Structures are given as C-alpha cells and as structure tokens.
Amino acid sequence: MTSRTPLTAHTLVKTYGAAGTGTTALAGVDLSIAPGESVAIMGPSGSGKTTLLHCLAGVLPATSGQVIWAGQDLSSMSEGARTGLRRTDFGFVFQSGQLLPELPADENAALPLMLAGTPRAQATDTARRWLAYLGLGGMESRRPGELSGGQAQRVAIARALVGSPGVVFADEPTGALDQQTGHEVLGVLTEATRATGAALVIVTHDPGVARWCSRTVHMRDGRIVSEDRTPAAPAAQPVAPAAQPVAPAPQAGPTAQPGAPVAPGPWPAPTAPYGPNGTSAVGGSNLPDGVTVVPR
Ligand SMILES: Nc1ncnc2c1ncn2[C@@H]1O[C@H](COP(=O)(O)OP(=O)(O)OP(=O)(O)O)[C@@H](O)[C@H]1O
C-alpha cells in the first residue's frame, strides 16, 4: 500500500508543440489534493482538464512547474520512473474501461498486481474479492464483450483499486454510459475509493458529479478559475448487517477473524458517500461487517 500523502501541483504549465508556437493547455495551475479527498475537475472543452489529470498522474511531463507526490517531483522524473510510480501509487479509470478484450474480468482486474510482480493466483484472488465487493460476484470469468457497459466500468474500478493506490484518476469515467448507469458507477467509484483511503480525481462534464465529490474545481483556458466544496453528507449509520461478504484487503485478502467484526484490512474506516440520501453506492450488502461509516 502506498503512503497517504497530498498530491500538489505548483505553477503547472503544459505547452503542446514547439515553444512559442504551440498550444498552452495549462497556464499556471496550483492545486493540492489531500489524502482521501475526492476532487472533480470541470470546465469547457479544451480548458485543460485532461491535460491537468495527465500531468498530475505523471502520464505527461509538465513544461514547467512541479507535481509533488510522496516528496518527489514527477515533472523531473524520467519516463521510466514515472511509469513505475504510476503502477504502484496510482489507479486509472478511463471513459470506456480499456479492458483487455481477451482476458476474463478477474485477470483484467488483477493486471496491476501482476505487473507489480504479485503471483497470478494471489493477484486474481484479490481481484475476485474486489469484483465481489463491487457487485460482480459470479462474473469473474466473463470477458469484457460479455459485460454491460456499467459492469465493464466496475471491472475497471476494481483494476484501479486492486493495487491499493494513493490516488485514483478517472477521466470521464461515466461518459459512455446512460445517466442512471453512469450515476451508479460514479457512486461505486467514489465510495469504493473512499473506503480505501485513496484520493480521487475525476474529470467530468456532468455537474451532478459534484454530489459525489468533496470538491469541484472549475477550469478555463488552462487555469483554475473557481472551486466549490460540497457540504459534508449527514452522518450515516453503520451500514453492514451481520454476515456480509468481506471487503477485499489489498493483496493480502480479508483480514477478518471468524466471528469478529470485519475491518477493511489496513484501510482507514470508510466515510459516508456524498450520493443522494447518503446511501451506499457499493451496496450496503457488500460493505464489510462492522464498519462504521462516518462523514469525512
Ligand atoms: N496532444 C496534443 N497536442 C496538441 N494539443 C493538444 C494535445 N492534447 C490537447 N491539446 C490541446 O490542449 C488544450 C487542452 O486540451 P485538454 O484535452 O486538456 O482539454 P479538456 O478540457 O480535457 O477538453 P475536453 O473536455 O474536450 O476533453 C486544447 O486546446 C487541446 O486542443
């Protein structure tokens, strides 16, 4: 599990193309994302949202400025070092899952662990726990072509979370789904991410997304021009009745002892979903037994 640390951008500039004649996609962005915080990035087309997400995630090197994660400046790291960091510290969910079509759901979800060197059996075992937690129990062997769009996005969410990242980056994760399915997937993404203690950064055009995030930043012409904080949801009740399935612990699997309340492995206690009515998007039926849900 990666350390819990803020992710900060300082005076971030990104220019595509030749200096002086290229497009300035980021024109000096300052942003700090706290551990466990969920941040929506909104703004008109071309305002720099995806570029900001890619620079924060170390997918793209900034032209100038810094992105600091765990005491390191991503902008000054080599491409190889950034690739390694992305595998261990970050998770990604894209508009359409980008799952590998030839692999079953459990192997798709297990990929980050396998890439990091976890033996296949252990990796797929952890991935299956995640799939069950996200409501896909029994679908582990299905290939992406045998899943609905919403189910495929849940596999992508499992894949993003399976390695216990410090930050999950999602670029229009519901953009290819109908509104209802999209909101279900968004609820699953925000709640499951919150349960692990990871931060979440979502690029979206959907204003409704703010309901699920603790903060929304608005971009225009490569700059953050405003931000809103979402009022904390009312305190939720403990959600899990007895004898529920156990949430997957990172890599090691569940830590529950028979008969004992189940804590979600080494994670911090989950906090309340910001979704409508404070209900559990992952499904109260799947949240770990004994977990007390409190607002952030
Ligand atoms: N690879 C690239 N090469 C050149 N220019 C690019 C590249 N990627 C993005 N841009 C430009 O950078 C600016 C910001 O693009 P970006 O994709 O970050 O915006 P966005 O807010 O995510 O847009 P959208 O909502 O349409 O996805 C735009 O003017 C875009 O044309």
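As a reminder, the structure under discussion sits directly above these lines.
Since the model is a prediction, treat every value here as computed from it, not as a measurement. (Residues numbered from 1 in each chain as written. Predicted model: local features only at pLDDT ≥ 70, side-chain atom pairs only at ≥ 80, totals over all residues. Heavy atoms only, no water.)

**Q** Where do I start with the site of the ligand in this structure?
**A** For the ligand, the full set of nearby residues is Tyr-16, Thr-23, Ala-25, Pro-44, Ser-45, Gly-46, Ser-47, Gly-48, Lys-49, Thr-50, Thr-51 and His-205. At 2.5 Å, a side-chain N or O of Ser-45 approaches an oxygen atom of the ligand. Here an oxygen atom of the ligand and a backbone polar atom of Gly-46 are 2.8 Å apart. Here the ligand loses 58% of its free accessible area of 630 Å² to cover by the protein chains. Secondary structure elements with two or more residues in the shell around the ligand: strand S2 (23–33) and helix H1 (49–56). When its residues are assigned to classes, the shell around the ligand shows three nonpolar, eight polar and one charged. (Near = heavy atom within 4 Å. Polar contact = N/O pair within 3.5 Å; in protein donor to acceptor, adjacent residues only side chain to side chain. Areas by Shrake-Rupley, 256 points an atom, 1.4 Å probe, with all protein chains shown as cover. Helix = DSSP H or I, 4+ residues; strand = E, 2+ residues; numbered from the N terminus. Nonpolar A, V, L, I, M, F, W, Y, C, P; charged D, E, K, R; others polar.)

**Q** What is the right way to look at the sheet that holds strand S9 (residues 215–220) in this model?
**A** Within a sheet, neighbouring strands are paired by backbone hydrogen bonds and run either parallel or antiparallel to one another. Ordered in space as S6-S7-S8-S3-S9-S10, the six strands form an open sheet in which the pairing is mixed. The sheet terminates laterally at strand S6 (90–93) and strand S10 (223–229), the two strands that pair on one side only. Between one strand axis and the next, the sheet turns through 20 degrees on average, direction left out of account. Each of strand S3 (38–42), S6, strand S7 (167–171), strand S8 (199–203) and S9 touches H1; the most contacted strand, S7, lies at about 155 degrees to it. Seen against the sheet, helix H5 (residues 149–161) touches S6 and S7 and runs at an angle of roughly 170 degrees to S6. (Pairing = 2+ DSSP bridges. Axes fitted to C-alpha atoms, helices over the stretch in contact; angles between N-to-C directions. Contact = heavy atoms within 4.5 Å.)

**Q** Before we go on, may I ask you to explain unusual backbone geometry in this structure?
**A** Leave glycine aside and you will find that most residues have negative phi; peptide bonds, for their part, are mostly trans. Even without being a glycine, Ala-70 presents a positive backbone phi close to 50 degrees. Tracing the backbone shows Ala-70 in the loop between strand S4 (64–69) and strand S5 (72–73). Ala-70 sits in the partly exposed class, given a relative accessible area of 36%. (Buried < 20%, exposed > 50% of the residue type's maximum accessible area, 1.4 Å probe, protein only.)

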